[in-house]
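# Architecture at a glance
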Amino acid sequence: MATHAYRLFASTVLAGVLLVWLYRATHVPSRSSGARWWAWLGLSAAELWFGFYWVLTLSVRWSPVYRRAFPDQLSRRYKEEQLPGVDIFVCTADPTVEPPMLVISTVLSVMAYDYPQEVCKALASILQEVPSGAQEMHKDLTDRVNSVVNSGKIPDVSKYKLRGFSKWSENTSFRDHPSIVQILIDGNKRKATDVDGNVLPTLVYLAREKRPQEHRHFKAGSLNALIRVSSVISNSPVIMNVDCDMYSNNSGSIRDALCFFQDEEQSQDIAFVQYPQNFENVVHNDIYGNPINSVNEKGVRYGCPLEDVITGLQIQCRGWRSVYHNPPRKGFLGMAPTSLGQILVQHKRWTEGFLQISLSKYSPFLLGHRKIRLGLQMGYSVCGFWALNSFPTLYYVTIPSLCFLNGISLFPEITSPWLVPFAYVVVAAYSCSLVESRQCGDTAVEWWNAQRMWLFRRITSYLLAAIDTIRRMLGITESGFTLTTKVTDSQALERYKKGMMEFGSFSAMFVIIATVALLNLACMMLGVAKVLLHKGAMSLGAMFVQAVLCALIVAINFPVYEALFLRKDSGGLPASVSLISLCIVMPFCILPTNLYL
Ligand SMILES: O=c1ccn([C@@H]2O[C@H](COP(=O)(O)OP(=O)(O)O[C@H]3O[C@H](CO)[C@@H](O)[C@H](O)[C@H]3O)[C@@H](O)[C@H]2O)c(=O)[nH]1
Ligand SMILES: [Mn+2]
């Protein structure tokens, strides 16, 4: 029922989009109008893209599938010893941005799964650059781990017990060391139990070999190293991958996932089950509009910072299917970045990875041709083309406002019937997004914050990702994996909890954000003043849409003005950012349009 209602609604929006395109095509101003003609052309291109992109997004809403696991049925059908072995991989790459205590908590959480340990020998592998005493559950564990991290040396007592760690000698370094494998708990040899007598799973520590001249292939390299070790130690048929910042929140998740893998009808085709990325540290009315959905899966490809997506796509193209499982009790809880800079950098990495995939032979349309359904190809492309949204969005939040300032009208007048499709498309699209947010449990404020982040991401992360992808294709730069920082300083955390946006240091991304915000503020104030002074309020009719658009951009940018002018704390925008954006905005306010458009 809901699906049919959505399809009907989507058809009306499509009609609106077509009418908008029709208006653009039939009302083109004469070439002699100069600036207006150019601005019109750009706006038509932007709207053409937005319409096309909206059609792509239909694919993920057209026929949704809802899954439920019945773990009781699983227990009824399979005896404990018939259940397949499961190996759990936890990767970590850098002890400064990923504190070992965080990694240890994640490892402990996955060791606590409700799953027959004797049978499955759940292998929790830690891939870590510095040694740590992960299995020691003493009350002074934190101190000891931290002292190992700070000194970079393992105490002799551990060396004696755990000989693998002795390979961390004076001569090894972060980027240059042999493979180190240490079985911390061996479920095979003796019955390893915790203080309460519960059986513990096998726990293995692996630091893969690293040499300065060899490419590490980021997380994909880690996972493949873990797969090799696991094939020797346990050779379990099922692998589970958890990021070091994503701890288990439900001891039943393995059994839930197995319901799909063991399903009598569908299991033959199912290669991976993914759980959504949920975050624990997100506060009420989160300023950044988290959570961000991503995936966890198995099987790994190199050559792209989005190893998960490219591998998942390849698996699908080989005829396998996947399951997205989003149970009411969250399977995993992770750490969301709590500063704007971190979030934007994380999104830049994702966007760049997606665009790389879309432009390569692994593009969902090329690789997936005749192998996966069109809907799935489109679904992949929704993220695949994130980057391409940057140019039309940047255009839409600058040019109409500048034209407003200069008295150039680009939209139907307030009295024109052509205004209806524009208004309908915008109101319909945003109401739909608000309803979806509310259904996911977000508050209206969170939705509003998410719209702001949507704008920021498009004009910064997406834009820089597009530019860097072009640079990479020209051979100027190489792509990298910028780890998301998992430590936040306490003052910044306090500000986050109060719902303040964290800017802080200088960044080109902040310059773009501040410039767009300032430009719109200037256009709105000067534009309204001009209309009132010279032409009277009646003339606002021709500019109505642009005035509203400009005012909305100003409204959504409120935290930016705060950070530019009002805030005194260290999370505000640095003076250098304000200065540069002012210097960019000034000329546009003074010069007549004909000179730059
Ligand atoms: O060179 C690297 C870089 C990262 N990692 C690990 O990869 C995981 C994810 O890294 P993180 O910095 O937390 O990135 P996120 O953006 O939070 O991760 C999302 O995006 C990644 C792809 O970009 C996916 O691999 C993740 O599953 C997904 O949660 C962590 O366990 C890291 O330790 C490595 O092992 N080696
Ligand atoms: Mn992460």
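Residue indices follow the written sequence of each chain, beginning from 1 at its first position. Each chain gets a letter, beginning with A, and each ligand a number, beginning with 1, in the order they are written. Note on the predicted model: pLDDT of at least 70 is required for a residue's local features to be given, and 80 or more for side-chain atom pairs to be given and counted; whole-chain, interface and lining totals, by contrast, use all residues. To obtain the side-chain values, all non-hydrogen atoms of the structure were used and water was disregarded.

## Points about the packing of helix α2 (residues 35-62) against helix α13 (residues 374-384)
When two helices pack together, you describe them by how their axes are tilted relative to each other and by the distance separating the axes. Threshold: Axis geometry follows a simple rule: fit a line to the C-alpha atoms, using only the stretch in contact for helices, then measure angles between N-to-C directions, giving values from 0 to 180 degrees. Comment: elements are numbered from the N terminus, with helices defined as DSSP H or I runs of at least four residues and strands as E runs of at least two. Small angles under 35 degrees read as roughly parallel and large ones over 145 as roughly antiparallel, with 65 to 115 read as roughly perpendicular and the rest as oblique. When the near helix sits turned anticlockwise from the far one by under a right angle, the crossing is termed left-handed; a clockwise turn instead gives a right-handed crossing. Here a residue-residue contact requires only that any non-hydrogen atoms of the pair lie within 4.5 Å. Any residue outside Ala, Val, Leu, Ile, Met, Phe, Trp, Tyr, Cys, Pro, Asp, Glu, Lys and Arg is labelled polar, Gly included; the first ten of those are nonpolar and the last four are charged.
Between α2 and α13, the shortest axis-to-axis distance is 8 Å and the interhelical angle comes to 120 degrees. Comparing their axes, α13 and α2 come out oblique. Crossing of α2 against α13: the hand is left-handed. For the pair α2 and α13, the contacting residues are Tyr53, Val55, Leu56, Thr57, Ser59 and Val60 in the first and Gly375, Met378, Gly379, Ser381, Val382 and Cys383 in the second. The residue makeup of the contact of α2 with α13, split by class, is 7 nonpolar, 5 polar and no charged.

## Observations regarding the UniProt feature "binding site: Mn(2+)" (unreviewed entry) in the chain
What counts is decided by this rule: UniProt positions are given in the numbering used here, feature names are shortened, and annotations may be inferred rather than shown by experiment. For every residue, the accessible area (1.4 Å probe, protein chains only) is compared with the maximum for its type, and the residue is labelled buried under 20%, exposed over 50%, or partly exposed between those bounds. Distance and chemistry together define a polar contact, namely a pair of N or O atoms within 3.5 Å, with one atom able to donate a hydrogen and the other to accept it when in protein, and with adjacent residues in sequence counting only for side-chain atoms on both sides.
Feature annotation in UniProt places "binding site: Mn(2+)" (unreviewed entry) on Lys219 and Asp243, given in this structure's numbering. Taken together, the annotated residues stretch across 25 residues yet fold into one region, lying no more than 9.7 Å apart by C-alpha. For Lys219, a relative accessible area of 15% gives the class buried. When you line up the elements, Asp243 lands in strand β5 (residues 238-243). In this structure Asp243 comes out as partly exposed when scored by relative accessible area, which is 21%. Not counting the four nearest positions on each side in its chain, Asp243 is found in contact with Thr106 and Lys219. A polar contact is formed between the side chain of Asp243 and the side chain of Lys219, at a distance of 2.9 Å.

## Focus: helix α9 (residues 253-261)
In terms of burial, α9 is a largely internal element, 9 of the 9 residues being buried. Among the residues making up α9, those that are buried are Ser253, Ile254, Arg255, Asp256, Ala257, Leu258, Cys259, Phe260 and Phe261. In this structure, the buried side of α9 is in contact with α3 (71-77), β1 (86-91), β5, β7 (270-274) and β8 (321-324).

## What about the pattern of salt bridges?
Condition: One side-chain nitrogen of Lys or Arg within 4 Å of one carboxyl oxygen of Asp or Glu is enough to make a salt bridge.
Evaluation of the coordinates by the stated rule reveals 15 salt bridges. With its nearest N and O atoms 3.4 Å apart, the salt bridge here joins Asp114 to Arg255. Remark: Arg255 occurs in helix α9 and Asp114 occurs in the loop between α4 (100-111) and α5 (117-120); sequence separation between them is 141 residues. When its relative accessible area of 41% is taken as the criterion, Asp114 is described as partly exposed. Lys348 is the salt-bridge partner of Asp468, the closest N and O atoms lying 2.8 Å from each other. With Asp468 in helix α18 (residues 461-473) and Lys348 in helix α11 (residues 340-358), this pair connects stretches of sequence that are 120 residues apart. Judged by relative accessible area, Asp468 falls into the partly exposed class, the value being 21%. Accessibility expressed as a relative area gives 17% for Lys348, which makes it buried. Shared partners join several salt bridges into a network, and the residues in it are Lys348, Glu352, Asp468 and Arg471.

## Some words on the site of ligand 1
For clarity, the cut-off: Consider each residue's heavy atoms; a residue with any of them within 4 Å of a molecule or strand counts as near.
In the neighbourhood of ligand 1, 26 residues make up the surrounding shell, with Asp243, Gln277, Glu307, Arg349 and Lys486 lying closest. Between Gln277 and ligand 1, the recorded distance is 2.5 Å, taken from a side-chain N or O atom to an oxygen atom. Here Arg349 contributes a side-chain N or O atom positioned 2.7 Å from an oxygen atom of ligand 1. At the level of secondary structure, the elements contributing two or more residues to the shell around ligand 1 comprise α8 (218-233), α10 (307-317) and α11.

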